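Breakdown of the fold
Chain by chain, the residues:
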Amino acid sequence: MTRQLHLNAIYSAAGGSLGGWRHSDAPATAGVDFPFIAAQARKLEGAAFDAIFIADLLAVPDSHPDVIERVATVNDSLEPLTVLSALAAVTTRIGLVGTASSTYNQPYTLARAFASLDHLSRGRAGWNVVTSLIDAEARNYGAAAHLAHGDRYRRADEFLEVVYGLWDSFDDDAFRWDVGSGRAFREDAIHRLGHAGEFFRVAGPLNIARPVQGRPVIAQAGASPAGRDVAGRHGELIFSGAARLEDAVEYADDLRRRAEDAGRDRSDILLFPGLSVVVAPTRAEAEDQFSRITDLLHPRVAFGDLEYWLGGVDLTGYDYDGPLPQFPQSNQSHSTQERIYETARREQLTIRQFVERRLRTEHTVVGTPAEVADHIQEWFEAGAADGFNVSFPALPGTLDAFVDLVVPELRRRGLFREHYTGATLREHLGLARPVSRRLGVGAATR
Ligand SMILES: Cc1cc2nc3c(=O)[nH]c(=O)nc-3n(C[C@H](O)[C@H](O)[C@H](O)COP(=O)(O)O)c2cc1C
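One structure accompanies this document, and this report is about it. Everything numeric in this text was worked out from a predicted model, so none of it was measured. (Residues numbered from 1 in each chain as written. Predicted model: local features only at pLDDT ≥ 70, side-chain atom pairs only at ≥ 80, totals over all residues. Heavy atoms only, no water.)

Before going further, it helps to spend a moment on the overall build of the protein chain. Along the protein chain, the regular secondary structure elements total 15 helices and 13 strands. The C-alpha atoms of the protein chain give 22 Å as radius of gyration, which agrees with the globular expectation for 446 residues (22 Å, within 12%). The long-range fraction of contacts in the protein chain, counting pairs at least 24 apart against all pairs at least 6 apart in sequence, stands at 76%. Looking at the protein chain as shown, the accessible area adds up to about 18800 Å², and 52% of this sits on carbon and sulfur atoms. (Helix = DSSP H or I, 4+ residues; strand = E, 2+ residues; numbered from the N terminus. Rg over C-alpha atoms; globule rule 2.2 N^0.38 Å. Contact = heavy atoms within 4.5 Å. Areas by Shrake-Rupley, 256 points an atom, 1.4 Å probe, with all protein chains shown as cover.)

The periodicity of an α-helix, 3.6 residues per turn, causes residues three or four places apart in sequence to face the same way. Taking 1.5 Å as the rise per residue, helix 14 (residues 397–412) with 16 residues should run 22 Å; its terminal C-alpha atoms sit 22 Å apart, in good agreement. Those residues of helix 14 not exposed but buried are Thr398, Leu399, Ala401, Phe402, Val403, Val406, Val407, Glu409, Leu410 and Arg411. Buried positions along helix 14 lie against strand 1 (6–10), helix 1 (34–46), strand 11 (270–279), helix 9 (283–295), helix 13 (369–381) and strand 13 (387–391). (Expected span 1.5 Å × (residues − 1). Buried < 20%, exposed > 50% of the residue type's maximum accessible area, 1.4 Å probe, protein only.)

Taken together, the neighbourhood of the ligand is formed by 20 residues, with Asp56, Tyr153, Ala221, Ser224 and Ser335 sitting nearest. Contact distances for the ligand include 2.8 Å between an oxygen atom and a side-chain N or O atom of Thr99. Taking Tyr153, its side chain carries an N or O atom lying 2.6 Å from an oxygen atom of the ligand. The protein chains hide 87% of the 610 Å² of surface that the ligand would expose on its own. Elements with a contribution of two residues or more to the shell around the ligand: strand 4 (125–130), helix 6 (149–167) and helix 11 (334–346). Of the residues belonging to the shell around the ligand, the class tally is 8 nonpolar, 11 polar and 1 charged. (Near = heavy atom within 4 Å. Polar contact = N/O pair within 3.5 Å; in protein donor to acceptor, adjacent residues only side chain to side chain. Nonpolar A, V, L, I, M, F, W, Y, C, P; charged D, E, K, R; others polar.)

What follows covers the packing of aromatic side chains. Inspection of the entire model under this criterion finds 18 aromatic pairs. Ring plane angle 20 degrees and centroid distance 5.4 Å describe the contact between Phe175 and Trp177, whose orientation is recorded as stacked. A relative accessible area of 59% places Trp177 in the exposed class. Relative to Tyr320, the ring of Phe303 lies with its centre 3.9 Å away and its plane at 20 degrees, an arrangement referred to as stacked. (Phe/Tyr/Trp six-rings, centres within 6.5 Å; stacked < 30°, edge-to-face > 60°.)

Within this structure, the stated rule accounts for 35 salt bridges. Of the charged contacts in the structure, one is a salt bridge between Arg292 and Asp288, with a shortest N-O distance of 3.9 Å. With Arg292 and Asp288 both in helix 9 and 4 residues apart, this pair spans about one turn of that helix. Given a relative accessible area of 44%, Arg292 falls into the partly exposed group. The shortest N-O distance in the salt bridge between Glu347 and Arg346 comes to 3.2 Å. One network of salt bridges, with partners in common, ties together Arg228, Asp229, Glu250, Asp254, Arg257, Arg258 and Asp261. (Salt bridge = Lys/Arg side-chain N within 4 Å of Asp/Glu carboxyl O.)

So, about the side chain of Arg426. Position of Arg426 relative to the elements: it lies in helix 15 (residues 425–429). On the basis of relative accessible area, Arg426 is assigned to the buried category, the value being 2%. Aside from chain neighbours lying at most four places away, what touches Arg426 is Gln213, Arg215, Pro216, Val217, Glu236, Leu431, Ala432, Arg433 and Pro434.

You can see Ser17 is positioned in the loop between strand 1 and helix 1. If we skip the residues at most four places from it in the chain, Ser17 touches Ile293, Leu297 and Pro393.

Let us look at the packing of helix 1 against helix 14. Between helix 1 and helix 14, the shortest axis-to-axis distance is 10 Å and the interhelical angle comes to 15 degrees. Considering their axes alone, helix 1 and helix 14 lie roughly parallel with respect to each other. Considering how the two elements wind past one another, helix 1 and helix 14 form a crossing that is left-handed. The segment helix 1 lies against helix 14, with Gln40, Lys43 and Leu44 engaging Leu399, Asp400 and Val403. Considered class by class, the residues forming the contact of helix 1 with helix 14 number 3 nonpolar, 1 polar and 2 charged. (Axes fitted to C-alpha atoms, helices over the stretch in contact; angles between N-to-C directions. Parallel < 35°, antiparallel > 145°, perpendicular 65-115°, else oblique. Left-handed = near helix turned anticlockwise from the far one by under 90°.)

Cis rather than trans, the peptide bond between Gly204 and Pro205 has omega equal to -5 degrees. Residue position: Pro205 is located in the loop between strand 8 (201–202) and strand 9 (217–220). Despite not being glycine, Ala48 has its phi angle at roughly 65 degrees, a positive value. Classification of Ala48 as buried rests on a relative accessible area of 2%. One non-glycine residue, Trp177, lies in the positive phi region at around 45 degrees. Counting through the fold element by element, Trp177 comes out in strand 5 (residues 175–178).

If you want it as structure tokens, here you go:
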């Protein structure tokens, strides 16, 4: 069978651009407007997208007040699992992927929540496992500072092992529902975990049947060496932050090698780089729409975004037309900070030029349906992508245009499915249903 492209929508209510909420097409309150969110999800499902993904941050970032009051995600970040559960009720096929943190949760809580979403949606759940990003999140969970970077990933690794064990609490064929004897399930088909590790002590079993997919699909976006190791060991959907084709190819090769080192198959992981699209029938119309969206992004917000990704630094007082100063490494994502400094150095960009460049990175394609499809096809055929995390800068217009113009072009090229052929997210992605680790273990090891 020819290799098929996958599409995952990175959903943010008023659009991926931080100024998107000011766009006249979107209700400014889109972030908390469930009928609006459901309508977007149904359009994506109508186009046979593999999944819709909702990211998360567990705090209001420590940004400058002038930035905070201009950014909608500060006050409209609905909790992902809650939104996805609601979407499960109004969609039937699209995968439902949400972020949850292994740093600020307990394995039992998330094993239960994602197993529940998988049952509610009949096998469409996916979990983007993150280790969280900023100290402001730590302060909402009883700590002054974020756990050290390496510790966060060790915790994530153990967290996932515990969660897999909990998901395997009941064998797939445990349930008999034998009305005559009054027994619901075989007693030897339930397994206690008895986990005692560096970070967690969890007795188990989980109080819910094995998820429909065996395990909800695991998404991961580790980019540092420690993050890549965890992604290679556990990730199935790998969200790549790489902006240039050669970096995305390097990342894909490295992740596949790490997966193999962990005893997995290269085909067990699917690479999803990001792609932000503004498409229109002509290039001039697309450029015009893109300018209208970027004009809505207040310059202070654009600079604030850079301050955020550099680990909460303050650029006030620096010459925006001078070089980007090197700040001490923060405990936030190391790889993101390194990527920013590396790009600024390589291209000798001033702070202002860097911020302008970020508005239109290689992640952004502004053009005709054929130009967008060319980009997708090039990355797909170069081995940089099995699919894309598509984001829509301003909703609903840029999403509608992608569905109406790009999806038919991808189909015309034989790259993307005409309709769903499977029922679960794993089936959409061509990922096998994991066999229970407890298969054949029996009651003796409970
Ligand atoms: C597409 C994508 C989505 C992400 N979503 C989240 C998120 O919702 N919450 C979060 O805390 N981090 C998120 N991250 C950050 C990653 O979890 C990770 O920290 C980052 O890619 C850097 O890797 P590192 O932690 O190994 O340095 C995302 C990254 C990417 C590329």
